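Tertiary structure, described
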Amino acid sequence: MTPTTQRDYYEILGVDRGASVDDIKKAYRILAVRYHPDKNPGDSESEERFKEASEAYAVLSDSKKRDRYDRFGHQGIGGQDFSGFDPSSFGDFSDILGDLFGFGFGDIFGGRRQARSGPRRGRDLQYTLRLSLEEAATGTEKSIRIPRAEDCETCGGGGSEPGTSPETCTSCGGSGQVMFRRGFLSVAQTCPSCGGAGRVNRTPCSACRGNGQVENEANLQVKVPAGIDNGMRLRLAGEGERGRGGGPAGDLYVVMAVKVHDLFEREGSSLHFELPISAFQAMLGATVPITTILGEDQDVVVGAGAQPGEVIRLRSAGMPDVNSQRRGDLFVHLKVVVPQRLSTEEKKLVEVAANAVGEVVDPAGHEGLFEKLKRALGSE
Ligand SMILES: [Zn+2]
Ligand SMILES: [Zn+2]
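Residues numbered from 1 in each chain as written. Chains lettered and ligands numbered in written order. Predicted model: local features only at pLDDT ≥ 70, side-chain atom pairs only at ≥ 80, totals over all residues. Heavy atoms only, no water.

**Describing the overall build of the protein**
Using the following cut-off: To qualify as a helix, a DSSP run of H or I must reach at least 4 residues; to qualify as a strand, a run of E must reach at least 2; elements of each kind are numbered from the N terminus. Remark: exposure states derive from per-residue accessible area (1.4 Å probe, protein chains only) relative to the maximum for the residue type, with buried under 20%, exposed over 50%, and partly exposed in between. Contact definition: two residues touch when any of their heavy atoms are within 4.5 Å. Using a 1.4 Å probe, accessible areas were evaluated by the Shrake-Rupley method; residue-level cover was limited to the displayed protein chains.
When its secondary structure is counted, the protein shows ten helices and 15 strands. With 380 residues in all, the protein has 37% of them scored as buried. In the protein, the proportion of contacts linking residues at least 24 apart, taken out of those at least 6 apart, comes to 64%. By element, 49% of the accessible surface of the protein is carried by carbon and sulfur atoms, the whole surface being about 22200 Å².

**Details of the pairing of strand β11 (residues 270-278)**
The criterion, for reference: Any two strands are treated as partners once DSSP identifies two or more bridges connecting them.
One ladder, built from four bridges, connects strand β10 (residues 264-267) with β11; its direction is antiparallel. Counterpart to F264 in the pairing with β11 is F273. The hairpin formed by β10 and β11 contains two residues between the paired strands, and G268 there has a positive phi angle of roughly 65°. Two elements, β11 and strand β15 (residues 330-337), share eight bridges in a ladder whose sense is parallel. Its bridge partner being in β15, S278 is matched across the sheet by V337.

**Here's the deal with the coordination of the zinc ion (ligand 2)**
Convention followed: Note on donors: an N, O or S atom is included if it sits within 2.8 Å of the metal, or within 3.2 Å for Na, K and Ca, and water is never included, so sites can look incomplete. Any coordination sphere not matching a tetrahedral pattern (four donors, all angles between 85 and 135 degrees) or a square planar or octahedral pattern (four or six donors, opposite donors over 155 degrees apart, other angles between 65 and 115) is reported as irregular.
Distances from the zinc ion (ligand 2) to its protein donors, C169 (SG), C172 (SG), C191 (SG) and C194 (SG), fall at 2.2 to 2.3 Å. Around the zinc ion (ligand 2), the four donor atoms sit at angles spanning 102 to 115°, and that spread fits a shape best called tetrahedral. Written as a sequence motif, the donor arrangement for the zinc ion (ligand 2) is C-x2-C-x18-C-x2-C. The residues C169 and C172 share a single accessibility class, namely buried.

**With respect to the environment of C152**
By the secondary structure assignment, C152 is in the loop between β2 (140-151) and β3 (167-168). As for C152 and N216, which are separated by 64 residues in sequence, their C-alpha atoms are 9.5 Å apart. In contact with C152, not counting residues within four places along its chain, are G157, C205, A207, C208, G212, Q213 and V214.

**Looking at the coordination of the zinc ion (ligand 1)**
Note on the zinc ion (ligand 1): its protein donors are C152 (SG), C155 (SG), C205 (SG) and C208 (SG). The metal-donor distances range over 2.3 Å. Considering all four donor atoms around the zinc ion (ligand 1), the spread of angles at the metal, 104 to 115°, places the coordination shape in the tetrahedral class. Read in sequence order, the donor residues coordinating the zinc ion (ligand 1) give the pattern C-x2-C-x49-C-x2-C. Take C152 and C155: they sit in the same class, and that class is buried.

Shown next as structure tokens:
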């Protein structure tokens, strides 16, 4: 190596000896952007600067190496120069350059990336399934249609006309990558002839235009267990997008969207239900028949003297739990309804009852508080 590698590392990066790792990183980043060989093709001075900065960064960003360098100078790190230095041992080193230039640090130093032609797993798909609360309570089986890419039947997914197959790319010899030399750097790039696949399809299948897959609609049966709740997902393994090149298929996630019910409000495996009862039923007590979410007939026994908002709990009349299948409870909230109109006879009877308990009532019953106020204020 030339003596330029023996320049002081701190001086190369333009930081002082007490600089933090962050400062060192920042300084290196700036230099790396300025002197990167991709930005300065054929400029050996830039290349030298880049190499120098990289070496300085490699040492100063490593606390052990930095410590040895601080104490013993270049001798302390074994006179290590760029040619002997392994970039793959510096994790965040490749991060820094990777996100700057879109490729890993190993690429610059001749490291080879894997060709992109290997088996690829299909993408996961998602489907929203709308259910009524009744369906969620009983469990159900639904047939759904999923648009997804399927293997082409004509070519069996290979993408070539039947009887033919893709040939190995002559430009890259099948590796999917070609190497460029730039001075001391060897840069790997995706092969432009085959796009990285390593193989060239000279007789593309006419049914799928060489794609190997066609858009299709898959018909699937989804078994929904009783007690499923809004937002829960069912995973149908292998029912997502088909894999490529022999890769596994992705999964299908069916997301539950349970519609809001007119009568029942759900809270986990509990259900809430508002039961209107008349003032008479509240006073005297009553047995009111209702139908549960599972369609069972059940009696709600309202005790005499029930109050508005009182809650009656019916055990095991709610939703089943999706895991244990144990039923939750049904909470019946009483809503006491006062009759808006009474017949003359009813009115008399109620007045008798009111008088019996010594209540002060207005037998005329036609003047509301507002009218009374208006009269009292003399506005009429
Ligand atoms: Zn095809
Ligand atoms: Zn190629």
